[in-house]
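The primary structure of each chain is shown beneath.
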Amino acid sequence: MKLPVEALRHAEKEYPRECCGLLVAGKYRPCRNIAGTPGQHFVIDPADYKAAMRQGEIQAVVHSHPDYPAMASEADRLGCEESGLPWAIIPVTVGVADEPAWISPMGADALLIGREFIHGVHDCLAIILDYYRRELGIDLGTYDREDGWWDAGKDYYRELLPKAGFRQVSEPRQGDVILMQIRSPVPNHAGIYLEDGTLQSEPEHYPAPQSILHHLYGRDSRRDPYGGYWLEKTVSIWRHETQDN
């Protein structure tokens with residue numbers, strides 16, 4: 001797939017930030033990078049993505065690597081899988097763009113334990129959505145969210161959970177969502193309670209009873225014993241209607 005020269009010019013213009021854009025019906029559409037660390041990551045503004053969809057078929061995702069080779073990072077590979085689209089990676093050295101490298105989705109899911117944090121792609125909401133899809137066969141849908149929504153007057157979790165078929169309960173059991181509030185005016189972190197400490201889709205991991213599977217901002221996803229700090233930060237516990245028996 002040939003990448004229009006406009007994409008390379010965009011990469012040079014955004015340097016030393018990562019540029020991002022979409023290939024739509026053969027034309028390059030620049031998008032805004034709303035990542036909290038734009039020099040190291042990119043997150044396409046959901047409004048730009050929706051606008052691109054109205055223009056035609058989205059054929060590829062494009063972004064740049066400032067002062068770094070066009071070698072796909074783990075975040076790139078996972079994001080490519082998540083999008084289901086080819087990705088072009090433009091290397092930009094001292095502000096000069098070179099020919100891109102391409103990667104394509106291989107049909108592999110990211111692991112629930114040990115995935116890299118990418119807000120809006122692999123974060124604490126994504127771990128919940130993926131757990132319910134893989135472990136319980138329940139599709140909770142997909143949700144756009146901007147980085148830092150908890151400090152921008154949004155209360156996504158308490159709006160999302162009731163609409164997705166969850167109700168509050170007093171004590172956790174396997175698969176319940178633990179909602180937490182960490183240095184935020186609203187609950188901004190969540191995990192899955194693992195009473196038996198196992199994952200059917202990843203049986204290679206040792207059992208960790210009474211733990212939470214979660215993905216803390218800026219860290220790899222993991223299991224932690226549910227107690228101490230995490231219990232102190234707990235705001236509420238939620239159970240899906242299909243598990244209410």
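Draft legend 1. Region of interest: the side chain of H215. Looking at the secondary structure, you find H215 in the loop between strand 10 (211-214) and strand 11 (222-225). Here R115 takes part through its backbone oxygen, which lies 3.2 Å from a polar atom of the side chain of H215. One polar contact links the side chain of H215 to the main-chain carbonyl oxygen of R219, over a distance of 2.7 Å. When residues no more than four places from it in sequence are discounted, the contact partners of H215 are R115, E116, F117, H122, D123, C124, I127, H189, D220 and S221.

Draft legend 2. Inspection of the pattern of salt bridges at higher detail. Taken as a whole, this structure holds 12 salt bridges when the rule is applied. The partner of R9 in a salt bridge is E12, and the shortest N-O contact between them spans 3.0 Å. Placement of both R9 and E12 in helix 1 (residues 5-14) is noted, with a separation of three residues, approximately one turn of the helix. The exposure class of E12 is partly exposed, given its relative accessible area of 24%. With its nearest N and O atoms 2.9 Å apart, the salt bridge here joins R158 to D155. Taking relative accessible area as the criterion, R158 reaches 37% and is therefore assigned partly exposed. Connected through salt bridges with shared partners, the residues R115, D130, R133 and R134 form a single ionic network.

Draft legend 3. A look at the pairing of strand 4 (residues 87-93). Along strand 4, six of the seven residues are buried, which leaves the element largely enclosed by surrounding structure. Pairing of strand 3 (residues 58-66) with strand 4 involves six bridges; the strand directions are parallel. Note that in strand 4 the partner of V61 across the bridge is W87. On the question of chirality, the crossover connecting strand 3 to the parallel strand 4 by way of helix 3 (residues 74-83) is right-handed. As defined by bridge partners, strand 4 adjoins strand 6 (residues 101-103) across three bridges and the pair is classed as antiparallel. Bridging across to strand 6, W87 finds its partner in I103. The antiparallel hairpin formed by strand 4 and strand 5 (residues 96-97) contains two residues in its connecting segment, where V94 sits at a positive phi of about 50°.

Draft legend 4. Fine view of the environment of G26. Here G26 lies in the loop between strand 1 (20-24) and strand 2 (27-31). A sequence separation of 176 residues divides G26 from E202, and the C-alpha atoms of the two residues are 40 Å apart. Apart from the residues within four sequence positions on either side, G26 is in contact with P4 and Q59.

How each quantity is defined
Residues numbered from 1 in each chain as written. Predicted model: local features only at pLDDT ≥ 70, side-chain atom pairs only at ≥ 80, totals over all residues. Heavy atoms only, no water. Helix = DSSP H or I, 4+ residues; strand = E, 2+ residues; numbered from the N terminus. Polar contact = N/O pair within 3.5 Å; in protein donor to acceptor, adjacent residues only side chain to side chain. Contact = heavy atoms within 4.5 Å. Salt bridge = Lys/Arg side-chain N within 4 Å of Asp/Glu carboxyl O. Buried < 20%, exposed > 50% of the residue type's maximum accessible area, 1.4 Å probe, protein only. Pairing = 2+ DSSP bridges. Right-handed = clockwise from strand over helix to strand, strands pointing away.

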